[in-house]
Amino acid sequence: MITKRFKKILSAFLCMALLISQFYCDQALASDSIVSITYEQVNQKIVAAYEQGVEPLEILEELSEEEARILSSYYADYQSASVFAEEALEDGEAEYIDTLAAEYYNALEESGQIDILSDMSLEEADKVFDSVEIPQTLTVSRTAQAYASLDYSASMQEFGYSFTYEEIARQLVLIGSTIKLGSALPFLDLFAIVAGVLIVTLAVAVLYCAVAGTANELIGNWYLYHKEQIKASTVATAAVIAESQRGTKYWTAHRIDVNGKGGIVVGAKLEPNAAAAIVIANQHGFAYPDVFCLNTNDAHMLVQMVGNMSADFTGASTPVEVHTDKGIFNMPHIHAILTSGKQGYIHIFFFYPYNI
């Protein structure tokens, strides 16, 4: 009798041990499958789909969350050599909104609510935001502090929307949570999306495009009259990302003016020699194309190529610059320098850096 009972207990114990062992084995295999995903595999997936004629935005939306994170991190690392600092914008309103959004995000992250925020309705999310205590005085520059006494965003009023800084900060937190950014979406990126121009920070753009359908719908709830521009922004941005994965480094760029804040429209892909030829031609005016590339490394490589191809250029370039408050959508850029010491007319634009 004792022997039979012992056998039953031993059998039950062994079954339980096997189940636990299988569970941890499955977990380990799942973990290994995630770890084993490399940037090269993500790149191959994108290139294969692109060459089969799949639309770039659709390609990015088909990426898993882990694949999108790997690709985004690659672009963040890829730009690590950039000397551009966010403070160079000198845009007090953007700084004030981003700081306010960070206060909300950090508070919700500490309370453990940030990860479930994107699953809530807008009404439910507002109740969560209402429960957050925000300091009356933010730690910002003197330029940004001037916006503390204002109620509505002047930038968004130019688009016809009367949103308070608090409302926009909450929007940025919701979008950041939705795209799994790990922070609130930078205000400049939201502004670019609504304006219909390229999402201006590349690492952010990847995560956004990976869930563009959901993210665009979310932004469209607030910016009802700019849904076409929102779509155009993501389609154009996704095209640049997908093409860059196939090895494209340069594109034509045409300057435009969005509400007095500048902007560029990225056009056709360019071989390096063709991009250099545009710089060497040095034609002045909005009717002539500029050049767009991913980062400062590619921009400086192009300038060096120009110096090697033409005796009219020294191959040097000006420091990274940006049109600050007069044209924040023009993006950072450099110019090739003529042997006379003057800078060339052609702008070589690139994305804003963003370290996740």
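Residues numbered from 1 in each chain as written. Predicted model: local features only at pLDDT ≥ 70, side-chain atom pairs only at ≥ 80, totals over all residues. Heavy atoms only, no water.

Let's talk about the packing of aromatic side chains
- Here the structure, examined in full by the defined rule, presents 13 aromatic pairs.
- Ring centres of tyrosine 39 and tyrosine 74 lie 3.9 Å apart, and the angle between their planes is 10 degrees; on these two criteria the pair is classed as stacked. Note that tyrosine 39 is positioned in helix H2 (residues 39-51) and tyrosine 74 in helix H4 (residues 65-78), a separation of 35 residues in sequence.
- Here tyrosine 74 falls in the partly exposed class, since its relative accessible area comes to 26%. (Phe/Tyr/Trp six-rings, centres within 6.5 Å; stacked < 30°, edge-to-face > 60°. Helix = DSSP H or I, 4+ residues; strand = E, 2+ residues; numbered from the N terminus. Buried < 20%, exposed > 50% of the residue type's maximum accessible area, 1.4 Å probe, protein only.)

A word on unusual backbone geometry
- In this structure, lysine 180 is a non-glycine residue whose phi angle is positive, near 60 degrees.
- In this fold, lysine 180 is placed in the loop between helix H10 (165-178) and helix H11 (187-195).
- You can call lysine 180 partly exposed: its relative accessible area is 38%.
- Notably, asparagine 282 is not glycine yet its phi reads approximately 55 degrees, a positive angle.
- Tracing the backbone shows asparagine 282 in the loop between helix H15 (272-281) and strand S3 (290-293).

Things to note about the pattern of salt bridges
- Inspection of every chain in the model, using the stated rule, returns seven salt bridges.
- As a salt-bridge pair, glutamate 67 and lysine 45 come within 2.9 Å of each other at their nearest N and O atoms. Pair noted here: glutamate 67 is in helix H4 and lysine 45 is in helix H2, with a separation of 22 residues, a long-range link.
- Judged by relative accessible area, which is 36%, lysine 45 ranks as partly exposed.
- The salt bridge involving aspartate 130 is made with arginine 170; its shortest N-O contact spans 2.9 Å. In this pair, aspartate 130 is assigned in helix H7 (residues 122-130) and arginine 170 in helix H10, connecting sequence segments 40 residues apart.
- Residue class for aspartate 130 comes out exposed when judged on its relative accessible area of 54%.
- When its relative accessible area of 11% is taken as the criterion, arginine 170 is described as buried.
- Within the structure, one salt-bridge network assembled from shared partners comprises Asp126, Asp130, Glu166 and Arg170. (Salt bridge = Lys/Arg side-chain N within 4 Å of Asp/Glu carboxyl O.)

A look at the side chain of histidine 226
- Assignment of secondary structure puts histidine 226 in the loop between helix H13 (212-222) and helix H14 (227-245).
- Since its relative accessible area comes to 10%, histidine 226 is described here as buried.
- Among residues more than four places away in sequence, those in contact with histidine 226 are Phe159, Tyr161 and Val194. (Contact = heavy atoms within 4.5 Å.)

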